[in-house]
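For reference, the chains in residue letters:
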Amino acid sequence: MKHWLMKSEPDAFSITDLQRTTTEPWSGVRNYQARNFMRDDMRVDDKILLYHSNANPSGVAGLATVASAAYPDATQFDVGSDYFDPKATLQSPRWFLVDVRFSKIFPRTIPLAELRLIPDLVDMLLFQRSRLSVQPVEPRHYRLIAALGS
DNA sequence: GCCAACGTTGGC
DNA sequence: GCCAACGTTGGC
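Values in this document were obtained by computation on a predicted structure and should not be read as measured data.

1. What about the environment of V66?
And then number 1: Summarising the element assignment, V66 is placed in strand β4 (residues 59–66).
And then number 2: Residue V66 is classed as buried on the basis of its relative accessible area, which comes to 0%.
And then number 3: In this structure V66 touches W4, M42, R43, V44, D45, D46, I48, V98 and D99, once residues within four positions along its chain are discounted.

Okay, here's the thing in structure tokens:
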């Protein structure tokens, strides 16, 4: 099983929103590397750290799981959507997503600034690739952060 | 709101 | 294929 970190801006879609909808198509990812992780490497039941960016504070807000295999992101075909992509076609979709299932809200968000101070997390990809919104997480990093949020 | 980091686009 | 210009992300 793989472990992931996925970001959302809580003003747009927070972990509380995910709790309410239970399962959500993770639409709007428009970065090729992030797409490739979802399309090629994610499996149902993989574990996810849900990260809030542009938040107060930014940090890991809770846990989720992968709830589907990858499939085309419908918003790429929707002219009215912010995520519309004129170069995408039904025959050859450019953007893919997975469904994400709520599992837990942390009692408090673990702030990025606090994660940076934890010696066992120094090699987390999050710190070097701060703009990658879907990224793999080492199992030991996942376990440590999940424990912090319990 | 500022700005650094960095991913993408497009001319050549 | 290189790289400058540009746009976006995201912390603060």
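Here the narrative resumes, following the displayed structure.
2. A short note on the pairing of strand β1 (residues 3–8)
And then number 1: Burial analysis of β1 places 6 of its 6 residues in the buried class, the great majority of the element.
And then number 2: Side chains of β1 alternate between two faces, with H3, L5 and K7 and W4, M6 and S8 buried alike.
And then number 3: Sheet topology places β1 next to strand β3 (residues 47–52); 6 bridges connect them, and they run parallel. Within the sheet, the bridge partner assigned to L5 lies in β3 and is L49.
And then number 4: The pairing of β1 with strand β8 (residues 134–136) spans 3 bridges and is antiparallel. Paired with W4 across the two strands is P136, which belongs to β8.

3. Side note on the pairing of β3
And then number 1: Burial within β3 is extensive, with 5 of its 6 residues counted as buried.
And then number 2: Judged from the 6 bridges that link them, β3 and β4 form a sheet pairing that is antiparallel. The residue of β4 that forms the bridge with H52 is G59.
And then number 3: The hairpin formed by β3 and β4 contains 6 residues between the paired strands, and N54 there has a positive phi angle of roughly 50°.

What counts and what doesn't
- Residues numbered from 1 in each chain as written.
- Chains lettered and ligands numbered in written order.
- Predicted model: local features only at pLDDT ≥ 70, side-chain atom pairs only at ≥ 80, totals over all residues.
- Heavy atoms only, no water.
- Helix = DSSP H or I, 4+ residues; strand = E, 2+ residues; numbered from the N terminus.
- Buried < 20%, exposed > 50% of the residue type's maximum accessible area, 1.4 Å probe, protein only.
- Contact = heavy atoms within 4.5 Å.
- Pairing = 2+ DSSP bridges.

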